[in-house]
Amino acid sequence: MNEKVEAMDVIAICRPKYKDRPQIAKVIQKTKNGYSIHWMTGTYSGPWTVAKKRDGRKKVPWVDTIKESDIIYKKISLTSGQKLSNKVAQTLRALYAAKEGN
């Protein structure tokens, strides 16, 4: 788990209020106190795309800043269909279940 996170890496983030689905994001860049990310939307079994939010009439990528400590899984590689592999999905479920128990 101590590999470095770089731009364009896909990571899983722990946000307790959204525990019903995995919280996945693509790293844009490292900032002085964490990372700048693009949130992604999807499910354990479905495809993942960059999440969008409304900015007036147009939709823009949902950008956020997170701390290093929010990351629970690094270097996620999506399949060619932009889905999580079965192994990654099982690992994420276990990680989120363990976090919920704390």
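Here is a short report on the structure shown in this document. (Residues numbered from 1 in each chain as written. Predicted model: local features only at pLDDT ≥ 70, side-chain atom pairs only at ≥ 80, totals over all residues. Heavy atoms only, no water.)

1. Structural notes on the pattern of salt bridges
- By the definition in use, this model includes 4 salt bridges.
- Measuring nitrogen to oxygen at the nearest pair gives 3.3 Å for the salt bridge that ties glutamate 68 to lysine 74.
- Taking the relative accessible area as the measure of exposure, lysine 74 reaches 10% and is therefore buried.
- Through salt bridges with shared partners, one network takes in Arg15, Asp64 and Asp70. (Salt bridge = Lys/Arg side-chain N within 4 Å of Asp/Glu carboxyl O. Buried < 20%, exposed > 50% of the residue type's maximum accessible area, 1.4 Å probe, protein only.)

2. Remarks on the nonpolar core
- The biggest cluster of nonpolar side chains holds 15 residues, and the ones touching the most others in it are Ala12, Ile24, Ile76, Leu84 and Leu92.
- Mapped onto this core, the elements with two or more residues apiece are strand E1 (10-13), strand E8 (71-76) and helix H1 (86-101).
- Among the nonpolar cores identified, the runner-up in size contains 11 residues, and Val5, Ile11, Trp39 and Ala51 belong to it. (Core = buried A, V, L, I, M, F, W, Y, C linked by side-chain atoms within 4.5 Å. Helix = DSSP H or I, 4+ residues; strand = E, 2+ residues; numbered from the N terminus.)

3. Remarks on the packing of aromatic side chains
- In the structure shown here, the tally under the stated rule is 0 aromatic pairs.
- Taking the ring centre of tyrosine 35 as reference, the NZ or CZ of lysine 30 above it sits at 4.8 Å.
- Here the guanidinium or amino end of lysine 53 rests over the ring plane of tryptophan 62, the centre of that ring lying 5.4 Å away. (Phe/Tyr/Trp six-rings, centres within 6.5 Å; stacked < 30°, edge-to-face > 60°. Lys NZ or Arg CZ within 6 Å of the ring centre and 35° of its normal.)

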